[in-house]
Amino acid sequence: MNRLKTALDSDFFYRFKTDKVAIVSFSVLMLFFLAALFAPLLSPMDPHDPIQIDIMDSEIPPLWSSGADTDPDERFLLGTDQQGRDMLSAILYGLRISIVIGLFAVAVQMIIGIAIGLISGYFGGRIDSFFMRLADIQLSLSTMMIAIIVLAIFQASFGADLYEELAIFMLVMVIGIAEWPQYARTIRASVLAEKNKEYVDAARVIGLGAPTIIMRHILPNTLSPLLVISTVQVANAIISEAALSFLGLGMPVTMPSLGSLISSGFEFIFSGSWWITVIPSVVLILLILTINLLGDWLRDVLNPKLYKG
Amino acid sequence: MTKETATALVEVKEIHKVFDLGSHFLQKHKPKVRAINDVSFSIYEGDSFCLVGESGCGKSTLARTVMGLLEPTAGEIHYRGQRIDHLKHKQRRPYHRSMSMIFQNPYASLNPRRTIQKTLEEPLRFHFPDLSTQEIKEKVEEVMVSVGNDPSWGKRYPHEFSGGQRQRLSIARALMVDPDFIVADEPISALDVSIQAQVLNVMMDAQEKRNLTYLFITHDLSVVEHFGSTVGVMYLGSLCELAQTKTLFAKPRHPYTQILLSAIPKLSCEEMQHSKLTGEVPSAMSLPSGCVFHNRCPYANHRCETEIPLLRSLEDGRAVSCHGVEEGRIDA
């Protein structure tokens with residue numbers, strides 16, 4: 001309880017309380033996260049289960065709309081897609097997949113990036129040059145390009161069935177590996193600043209080994225910029241996944257993420273079934289927007305030089 | 001002098017330290033900074049060896065080289081007769097225990113993310129892994145009290161303390177493993193004058209109680225007079241004069257030491273005979289030929305421009321590296 005009280009009294013919490021944008025973004029984001037977490041409880045049907053889908057229910061518009069070819073159906077709040085899948089359930093499950101991929105891809109980026117950043121910043125010299133040139137090369141190839149090449153080759157050589165099973169894992173790994181330089185560079189810069197401070201010398205004078213010094217003394221002091229890039233990177237990873245799914249290289253139609261939902265509805269947008277594309281798009285945009293707004297707010301709070309009067 | 005016969009605790013033998021400046025492969029001559037040039041001295045047990053000199057003369061580099069934070073380019077460092085500068089990290093461990101360091105900037109020398117208790121326990125836990133939690137706690141308390149700190153500070157973080165308090169915490173950390181030798185790199189220069197005396201007293205108390213030997217780096221001559229038993233004067237990476245504090249302050253011999261000492265502010269006007277030094281300290285990237293001080297020295301002659309003077313012992317126990325003193329041209 002004591003800790004909770006300190007947290008509630010902190011400057012951080014005060015600045016959160018007084019910032020409307022932060023509160024709204026945080027609430028919306030939490031809403032999305034909870035919706036994704038409790039998707040199985042909230043959704044009327046399981047969109048991954050083909051037995052529950054009836055093709056006769058296809059392309060039913062959302063409840064509030066009228067004038068479409070078919071009449072709205074009470075069972076489907078947000079309408080159905082071309083296979084007769086309930087859009088609300090599909091979006092909830094899709095949100096779940098998008099967020100999972102976003103978080104895990106960032107976890108992969110973080111692990112690789114932090115390890116490389118710490119090593120190259122602390123040891124310097126040739127190790128540093130090697131990893132940083134590797135990062136330059138990695139950055140000169142866009143994430144999308146690498147992802148498209150890897151996923152296309154994988155799909156072509158192992159077949160679509162295996163791909164469907166491994167899609168989430170593959171997306172996490174590809175997006176994770178393609179974006180590690182962001183973390184490595186940020187961490188390296190902080191390590192370079194920290195390692196010349198006297199507390200690191202003090203640890204060396206004690207006789208501690210390099211791994212202990214890095215993990216115990218340097219890493220904790222380089223974490224605050226990480227929090228900020230992490231928010232941006234989660235948003236980026238979700239966008240990358242959506243873009244790949246839209247191109248048909250991401251999540252399969254049987255297990256749609258937000259991106260695959262947008263993509264699957266795209267063919268029908270001119271035949272009047274706008275809701276299949278538009279509603280998942282709105283959810284995706286809101287998700288990314290709130291994450292980015294929260295990241296911006298976090299950057300302002302954690303950087304004392306940016307106090308805005 | 002009886003000290004001459006005793007073995008030195010720390011011996012620095014002909015240390016050179018050259019820093020390569022960042023250069024690219026098209027450059028023919030890599031720029032180099034010659035931070036320390038052929039410096040040798042011995043520190044005896046119970047001594048407070050003070051190194052003085054102006055900013056950038058290599059005092060801190062020398063201190064860090066002695067502690068093993070930097071590797072000497074050439075030369076040897078001995079501790080109780082054992083050469084330690086070439087040891088591998090693991091072999092150096094017993095020396096990490098008996099040598100400790102106090103840093104200049106109290107605001108940077110404590111890890112901001114660790115509590116005081118953790119910071120102080122760290123050296124103990126590392127060097128004495130067998131100690132029980134209770135024993136560690138007692139030891140921390142004992143050391144905290146001995147440097148004038150409240151043992152209940154342990155739960156707090158460094159940013160909650162003032163400069164003087166932090167420097168005392170820094171001293172406490174250095175004392176945790178009962179070292180024999182402590183390098184203090186300008187420990188008081190970042191502090192308020194009123195706090196300087198307090199921290200110095202803490203250090204002198206600790207020396208008395210724990211039988212410590214200090215290598216004390218400073219640019220404050222009044223502190224040297226108060227604190228030091230032996231003084232080494234450095235200029236541009238070289239040792240100019242090495243003497244007992246009393247001998248040096250009574251009669252400086254090296255022209256640089258003379259000018260340095262004349263710069264100490266005095267109360268009465270009659271004593272003021274401030275000799276001004278012209279020009280600036282030459283860059284350590286291109287050292288003057290011969291004696292490094294020759295282009296600013298009022299007594300320099302042709303020999304000074306060409307030949308590097310060696311540190312020669314004089315009859316009163318001091319050592320001076322100056323052609324003028326050796327030839328008897330200078331005796332002030």
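Located above this text is the structure these notes cover.
Residues numbered from 1 in each chain as written. Chains lettered and ligands numbered in written order. Predicted model: local features only at pLDDT ≥ 70, side-chain atom pairs only at ≥ 80, totals over all residues.

Break down the sheet that holds strand β2 (residues 32–43) of chain B for me, with residues and values.
Reading across from one edge, β2-β1-β4-β5 (chain B) is the order of the four strands in this open sheet, with antiparallel pairing throughout. For this open sheet the edge positions go to β2 and β5 (82–83) of chain B, each flanked by a neighbour on one side alone. (Pairing = 2+ DSSP bridges. Helix = DSSP H or I, 4+ residues; strand = E, 2+ residues; numbered from the N terminus.)

Talk me through the interface of chain A and chain B; I want residue IDs and the actual numbers.
The interface is formed by 14 residues belonging to chain A together with 20 residues belonging to chain B. Here the side of chain A that touches chain B takes seven residues from helix α9 (residues 198–206) of chain A, the largest share from any one element. Of the residues contributing to the side of chain A that touches chain B, the split by class is six nonpolar, four polar and four charged. (Contact = placed C-beta atoms within 7 Å. Nonpolar A, V, L, I, M, F, W, Y, C, P; charged D, E, K, R; others polar.)

Give a detailed account of the pairing of strand β8 (residues 213–218) of chain B, specifying residues and quantitative values.
Looking down a regular strand, the side chains alternate between one sheet face and the other. Residue and element names in this part refer to chain B. Burial analysis of β8 places six of its six residues in the buried class, the great majority of the element. Burial along β8 is two-sided: the face carrying T213, L215 and I217 and the face carrying Y214, F216 and T218 are both buried. Sheet topology note: the strand β7 (residues 181–185)/β8 ladder contains five bridges and is parallel. Note on β8: the bridge partner recorded for D185 is I217. (Buried ≥ 20, exposed ≤ 12 C-beta atoms within 10 Å, placed from the backbone.)

So, the pairing of strand β10 (residues 238–244) of chain B: which residues are in play, and what are the values?
Residue and element names in this part refer to chain B. Of all seven residues that make up β10, six are buried, and the element is covered over most of its length. Pairing of strand β9 (residues 230–235) with β10, which is carried by six bridges, proceeds in the antiparallel orientation. Opposite M234, over in β10, you have L239 as the bridge partner. Where β9 folds back onto β10 in an antiparallel hairpin, the turn is made up of two residues, including L236, whose phi is positive at roughly 50°. Summarising the sheet, β10 and strand β12 (residues 319–320) pair through two bridges and their orientation is antiparallel. Bridge assignment links E241 to a residue of β12, and that residue is V320.

Before we move on, could you go through the environment of L63 of chain A and cite the residues and values that matter?
All names here are of chain A. Residue position: L63 is located in the loop between α4 (39–42) and α5 (87–123). It is 6.4 Å that separates the C-alpha atoms of L63 and L78, two residues lying 15 residues apart in sequence. In contact with L63, other than residues within four places in its own chain, are P72 and L77.

Lay out the packing of helix α12 (residues 258–266) of chain A against helix α13 (residues 275–302) of chain A with the relevant residues and their values.
The axes of two packed helices give the description: the angle between them and the distance between them. Residues and elements named next belong to chain A. At their nearest, the axes of α12 and α13 sit 7 Å apart, and the two run at 155° to each other. When the axis of α12 is compared with that of α13, the two are roughly antiparallel. By crossing handedness, the relation of α12 to α13 is classed as left-handed. Contact residues: α12 offers L258, L261, I262, S264, G265 and F266, while α13 offers I276, T277, P280, S281, V283 and L284. Grouping the amino acids of the contact of α12 with α13 by side-chain chemistry returns eight nonpolar, four polar and no charged. (Axes fitted to C-alpha atoms, helices over the stretch in contact; angles between N-to-C directions. Parallel < 35°, antiparallel > 145°, perpendicular 65-115°, else oblique. Left-handed = near helix turned anticlockwise from the far one by under 90°.)

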